[in-house]
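# Commentary on secondary and tertiary structure
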Amino acid sequence: MSEPGPLAGLRVLEVGHILAGPYATMLLADLGAQVTKLEPPGGDLSRQVSDAYFASVNRGKRSVRLDLATPEGQGRLHALVRGADALLVNLKPSAIDRYGLTYQALRPWNERLVCVALTGWGTDADDRPAFDYVVQAATGVAALTGAPDGPPQLPGYSSADNSAGFAAALGLLAKVVSGRGGQVDVSLRDVMLSQLNYHAAAWLNDGTVPRRSGGAHAYYAPAQLFPTAEGHLALFITHDAFWRAFAAEAGLGGYRTMAERAARREEVVDVVTKALAADTAEGWEARLRPLGVPAAAVCALPKALAEAPEMVVRAGDFRLVGSPFRVAGHEPRYGPPPRLGEHGDQA
């Protein structure tokens, strides 16, 4: 029999929309927390995108519909806060203040409440739009992505929203563990700057300006995508033992140390590119995997999901990607996404 989730008994309220906030609380729900969405009369905006989109970040939650702009809605909020451990809010700063969704405003109803504000630029910033791609552009992420002689690029998924969701969930749990109520602020901007850690350190300490490299790693070579006879191969050679194993399989010589490979990057990339043209990406992956060399053929999402069937779960009528956490003795129970106002309707 599966044990209760490690967060069983944790009661979390969510006032969020679209992705970052709902993703954060879904991670908590997957681990056993009771998460209640407080939705406006029209519901979370992601309900308008598609049913599958909404389900992908809202499975296993409860839904209470209320209008925070009304005295009745505020009264219902305060009643819910009394029995909650935490409140996560994903709105612009002015709305957070206007609706009284801060620890300072809600402390009279629950002194132990943990309030997390997940915003684009920080609660002390203005209300300028903070959508994922905008934040990636503003923090240097887009400038680092793409070919050296091409335009900046964006990844094909919402990396800023998802990363901020993880950070907000961690911040919420850290404050809950402290045993004291209070405010936690997380911004998409700060999260993405934090994730540029070694690039930022190179600039701040050595004056090295990060540049687009076509996805090549700044410190290791060869560590990037390479064309092959068919398809592309991700090859990530860091320490010298990896290089020796790869070079022996590919029939290459020289470049024995990490420092030499980094210093002669262009030569190394050219030599490796020519060698990899002798086989397909899948062929190289099959050859290199037994040798312990980090390499993988680039594949599309359908194939990746097919190769990880344990990550595909059912939540009500939806097939979704399951929790990334593996907790011994606990088998997550993936409930369906809630209908709007299913657990209370004050609208």
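This text goes with the structure placed above it.
The structure contained in this document is the topic of the report that follows. (Residues numbered from 1 in each chain as written. Predicted model: local features only at pLDDT ≥ 70, side-chain atom pairs only at ≥ 80, totals over all residues. Heavy atoms only, no water.)

## A word on the packing of helix α8 (residues 159-178) against helix α9 (residues 188-195)
Between α8 and α9, the least distance of the axes is 9 Å, while the angle of their chain directions is 95°. By the angle between their axes, α8 is roughly perpendicular relative to α9. Contacts from Ser159, Ala160, Asp161, Ser163, Ala164 and Ala167 in α8 reach Leu188, Val191, Met192 and Gln195 in α9. Looking at the contact of α8 with α9 residue by residue, the classes come out as six nonpolar, three polar and one charged. (Axes fitted to C-alpha atoms, helices over the stretch in contact; angles between N-to-C directions. Helix = DSSP H or I, 4+ residues; strand = E, 2+ residues; numbered from the N terminus. Parallel < 35°, antiparallel > 145°, perpendicular 65-115°, else oblique. Contact = heavy atoms within 4.5 Å. Nonpolar A, V, L, I, M, F, W, Y, C, P; charged D, E, K, R; others polar.)

## Description of the sheet that holds strand β5 (residues 114-119)
Spatial strand order, β3-β2-β1-β4-β5-β6: six strands in an open sheet with parallel pairing. Of all strands in the sheet, those bounded by a partner on one side alone are β3 (62-65) and β6 (182-187). Strand-to-strand, the axes of this sheet are offset by a mean angle of 20°, without reference to chain direction. Pairing of β5 with β6 involves six bridges; the strand directions are parallel. Pairing of Leu118 across the sheet is with Val186, part of β6. Contacting β5 and β6, α9 crosses the sheet at an angle of about 65° to β6. (Pairing = 2+ DSSP bridges.)

## Some details on the pairing of strand β8 (residues 232-236)
By the alternation rule, side chains of β8 split into Leu233 and Leu235, which are all buried, and His232, Ala234 and Phe236, of which none is buried. Where strand β7 (residues 223-227) folds back on β8, the antiparallel hairpin that results is connected by four residues, among which Gly231 adopts a positive phi of roughly 85°. With three bridges joining them, β8 and strand β9 (residues 295-297) adopt antiparallel strand pairing. Within the sheet, the bridge partner assigned to Leu233 lies in β9 and is Ala297. (Buried < 20%, exposed > 50% of the residue type's maximum accessible area, 1.4 Å probe, protein only.)

## Topic: the nonpolar core
Counting 30 residues, the largest nonpolar core has Val12, Leu28, Ala33, Val116, Leu118 and Leu172 as its most contacted members. Put simply, the parts of the chain that give this core at least two residues each are α1 (20-30), β4 (86-89), β5, α7 (141-144), α8, β6 and α9. At five residues, the largest contribution of residues to this core is made by α8. If near-sequence neighbours (up to four positions away) are discounted, Val116 is found in contact with Leu87, Leu88, Val89, Ala168, Leu172, Gln183 and Val184. Counting residues in hydrophobic clusters, the runner-up holds 21 residues, among them Val15, Leu68, Leu87 and Tyr103. (Core = buried A, V, L, I, M, F, W, Y, C linked by side-chain atoms within 4.5 Å.)

## Structural notes on the side chain of Thr228
Within the fold, Thr228 resides in the loop between β7 and β8. In this structure the side chain of Thr228 is engaged in a polar contact, spanning 2.8 Å, whose partner is the backbone oxygen of Glu230. Within the structure, Thr228 has its side chain in polar contact with the backbone nitrogen of Ala281 (distance 3.0 Å). In this structure, Thr228 is in contact with Leu233, Leu276, Ala277, Asp279, Thr280, Ala281 and Trp284, ignoring residues within four places of it in sequence. (Polar contact = N/O pair within 3.5 Å; in protein donor to acceptor, adjacent residues only side chain to side chain.)

## A few points about the pairing of β4
The alternating pattern of β4 places Ala86 and Leu88 on one face and Leu87 and Val89 on the opposite face, and all of these are buried. Here four bridges tie strand β1 (residues 11-15) to β4, and the two strands are oriented parallel to one another. Note that in β4 the partner of Leu13 across the bridge is Leu87. Summarising the sheet, β4 and β5 pair through four bridges and their orientation is parallel. The partner of Leu88 across the bridge, within β5, is Val116.

## Things to note about a nonpolar patch on the surface
Where nonpolar side chains cluster on the molecular surface, the patch consists of Phe166, Phe325 and Val327 and spans about 220 Å² of accessible area. Tracing the sequence through the fold places Phe325 in the segment after β11 (318-321). (Patch = residues over 30% accessible without salt bridge, like charges linked within 9 Å, V, L, I, M, F, W, Y side chains within 5 Å. Areas by Shrake-Rupley, 256 points an atom, 1.4 Å probe, with all protein chains shown as cover. Salt bridge = Lys/Arg side-chain N within 4 Å of Asp/Glu carboxyl O.)

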